[in-house]
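Spelled out from the first residue to the last, the chains are:
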Amino acid sequence: MRGKILGLVGESGSGKTVTGFSILGLVEKPGRIEQGRILFNGSDLRRASPEELRDIRGNRISMIFQDPMMTLNPVLRIDTQMIETIRAHKKISYDDARVLARDALGKVGIPSPDERLAAYPHQFSGGMRQRVAIAIALLHKPELIIADEPTTALDVTIQAQILSEVQKLCREVGTALIWVTHDLSVVAAIADQICVMYAGRIVERGSTESVLDGPSHPYTNGLIHSVPGNNRPGTPLQQIPGVMPSLLSLPVGCSFRQRCRYADSMCMAEPEFNAVETNRDHIARCWHPLAEGRPA
Ligand code: SF4
């Protein structure tokens, strides 16, 4: 939804990045989308022609990658890259595009944007490079930004600055944001809604408050309790036993079954999404959803 932030959470290999790439039609062969729809403002992106997708990418939907060098060309100056991006989707003079690029750098907190436009990516620190990548993503005021762990490699103070700036910009511009991360503290800080992914599927969805305060899926519950900050000092961390199954050979039924302490014979069938108690917006894919940490 416009101006809202969705946190897409899960451990490495759960399918978060592939979900982001799928939305933009960037899944590389031999990967392919087998079924389902990708609805963007009511139209199915899977039915869009390559030309239509090219027009949407970087214009109506932008992506910020974990490594800003996936966005930036190391041998081109920042102004060349930003102006090219602007003129790819807008009929505008070089000088006007340069003004837009300079303003975009200023908005993400890059000092002396006029001078910095003439620099090459290697002349920026990691945090500043990521700011440039974010500025490029925001150039066309997209309706949606998919941010794939963009602050994971940065130190926590820079991460906090970038999170707060992106949050502010999205609210101001009305851009919807999908923030992909394995870090629950990041989604707790910025997201309005959370989707938790496990083994290639979303297993829980709801408002940030509802999911973090009252997780319903045993996997989400395990994730929350394995964060050191949620445990009393001196008590051992609660770990989720085992490892995530390979997506190439998922177990029959619930894919969390082999790691779940509440698994029973019912879990041999694949669970549907169930509403959590009376909250229709909070749903979990589990036969025995938790209430206050125990199966209801
Ligand atoms: Fe655990 Fe069964 Fe729920 Fe899967 S469906 S998470 S195995 S209780």
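These figures come from a predicted structure and were not determined experimentally.

K.L.:
Summarise the overall build of the protein; cite the residues concerned and give the values.
P.N.:
Within the protein, the regular secondary structure consists of ten helices and twelve strands. Against the globule reference of 19 Å for 296 residues, the protein gives a C-alpha radius of gyration of 21 Å, in line with a compact fold. For the protein, the spread of C-alpha atoms along the principal axes amounts to about 65 × 50 × 35 Å. Residue burial in the protein is summarised as follows: out of 296 residues, 44% are buried. Taking the contacts inside the protein whose residues are at least 6 apart along the sequence as the reference set, 60% of them involve residues at least 24 apart. Summed over all atoms, the accessible surface of the protein reaches about 15,900 Å², with 51% contributed by carbon and sulfur.

K.L.:
Describe the site of the ligand, listing the residues and the values that go with them.
P.N.:
The ligand sits among 13 residues. The nearest are Cys 254, Cys 260, Cys 267, Cys 286 and Trp 287. Counting atoms within 2 Å of the grid points, the majority share of the ligand lands in the largest cavity.

K.L.:
Provide a residue-level description of unusual backbone geometry, including the pertinent values.
P.N.:
Cis geometry marks the peptide bond from Lys 29 to Pro 30, where omega comes out at 5 degrees. Tracing the chain through its elements places Pro 30 in the loop between helix H1 (16-23) and strand E2 (39-40). Despite not being glycine, Asn 41 shows a phi value in the positive range, around 50 degrees. Within the fold, Asn 41 resides in the loop between E2 and strand E3 (43-44). You can call Asn 41 exposed: its relative accessible area is 58%. Phi is positive for Lys 141, which is not a glycine, with a value near 45 degrees. Here Lys 141 lies in the loop between helix H6 (126-138) and strand E5 (144-148). Owing to a relative accessible area of 54%, Lys 141 belongs among the exposed residues under this scheme.

K.L.:
Report on the packing of helix H3 (residues 78-89) against helix H4 (residues 94-107), specifying residues and quantitative values.
P.N.:
The N-to-C vectors of H3 and H4 enclose an angle of 110 degrees; their axes lie 9 Å apart at closest approach. Between H3 and H4, the angle falls in the class roughly perpendicular. Helix-helix and strand crossings are classified by hand; for H3 and H4 the assignment is right-handed. Listed contacts from H4 to Ile 78, Asp 79, Met 82, Ile 83, Ile 86 and Arg 87 of H3 are Tyr 94, Ala 97, Arg 98, Leu 100, Ala 101, Ala 104 and Leu 105.

K.L.:
Describe the pairing of strand E7 (residues 193-198), and please don't skip the residues or the numbers.
P.N.:
Of all the six residues making up E7, five are buried; the element is thus mostly covered by neighbouring parts of the structure. Across four bridges, the pairing between strand E1 (residues 5-9) and E7 is parallel. Bridge pairing in E7 places Leu 6 opposite Gln 193. One ladder, built from six bridges, connects E7 with strand E8 (residues 201-207); its direction is antiparallel.

K.L.:
Describe in detail the layout of surface pockets, supporting the description with residues and values.
P.N.:
Volume-wise, the second largest pocket comes out at about 590 Å³. Along the wall of the second largest pocket there are 21 residues; nearest its centre are Arg 57, Gly 58, Thr 71, Thr 85 and Ile 136. Of all elements in the fold, only strand E4 (61-64), H3 and H6 reach the threshold of two or more residues within the lining of the second largest pocket. Residues that form the lining of the second largest pocket fall into these classes: eleven nonpolar, seven polar and three charged.

K.L.:
Got a sec to walk through the nonpolar core? Specific residues and values, please.
P.N.:
Core analysis: the biggest nonpolar cluster contains 56 residues, and Ile 78, Met 82, Leu 105, Val 132, Leu 177, Trp 179 and Tyr 219 have the highest contact counts within it. A per-element tally of this core places H6 first, with six residues. Both domains that furnish three or more residues to this core are identified here as domain 1 (5-191) and domain 2 (195-292). When neighbours within four sequence positions are excluded, Tyr 219 is seen to be in contact with Gly 10, Glu 11, Val 196, Met 197, Tyr 198, Val 203, Ile 240 and Phe 256. Core analysis: the second largest hydrophobic core is formed by 17 residues, Leu 8, Ile 38, Phe 40 and Met 197 among them.

Scoring rules and cut-offs
- Residues numbered from 1 in each chain as written.
- Predicted model: local features only at pLDDT ≥ 70, side-chain atom pairs only at ≥ 80, totals over all residues.
- Heavy atoms only, no water.
- Helix = DSSP H or I, 4+ residues; strand = E, 2+ residues; numbered from the N terminus.
- Rg over C-alpha atoms; globule rule 2.2 N^0.38 Å.
- Buried < 20%, exposed > 50% of the residue type's maximum accessible area, 1.4 Å probe, protein only.
- Contact = heavy atoms within 4.5 Å.
- Areas by Shrake-Rupley, 256 points an atom, 1.4 Å probe, with all protein chains shown as cover.
- Near = heavy atom within 4 Å.
- 1 Å grid on protein atoms, 1.4 Å probe; cavity = no way out; pocket = protein on both sides within 12 Å on 5 of 7 lines; lining within 4 Å.
- Sits in = over half its atoms within 2 Å of the grid points.
- Axes fitted to C-alpha atoms, helices over the stretch in contact; angles between N-to-C directions.
- Parallel < 35°, antiparallel > 145°, perpendicular 65-115°, else oblique.
- Left-handed = near helix turned anticlockwise from the far one by under 90°.
- Pairing = 2+ DSSP bridges.
- Points joined across faces, edges and corners; volume = space filled by probe spheres on them.
- Nonpolar A, V, L, I, M, F, W, Y, C, P; charged D, E, K, R; others polar.
- Core = buried A, V, L, I, M, F, W, Y, C linked by side-chain atoms within 4.5 Å.
- Domains from an automatic or database assignment.

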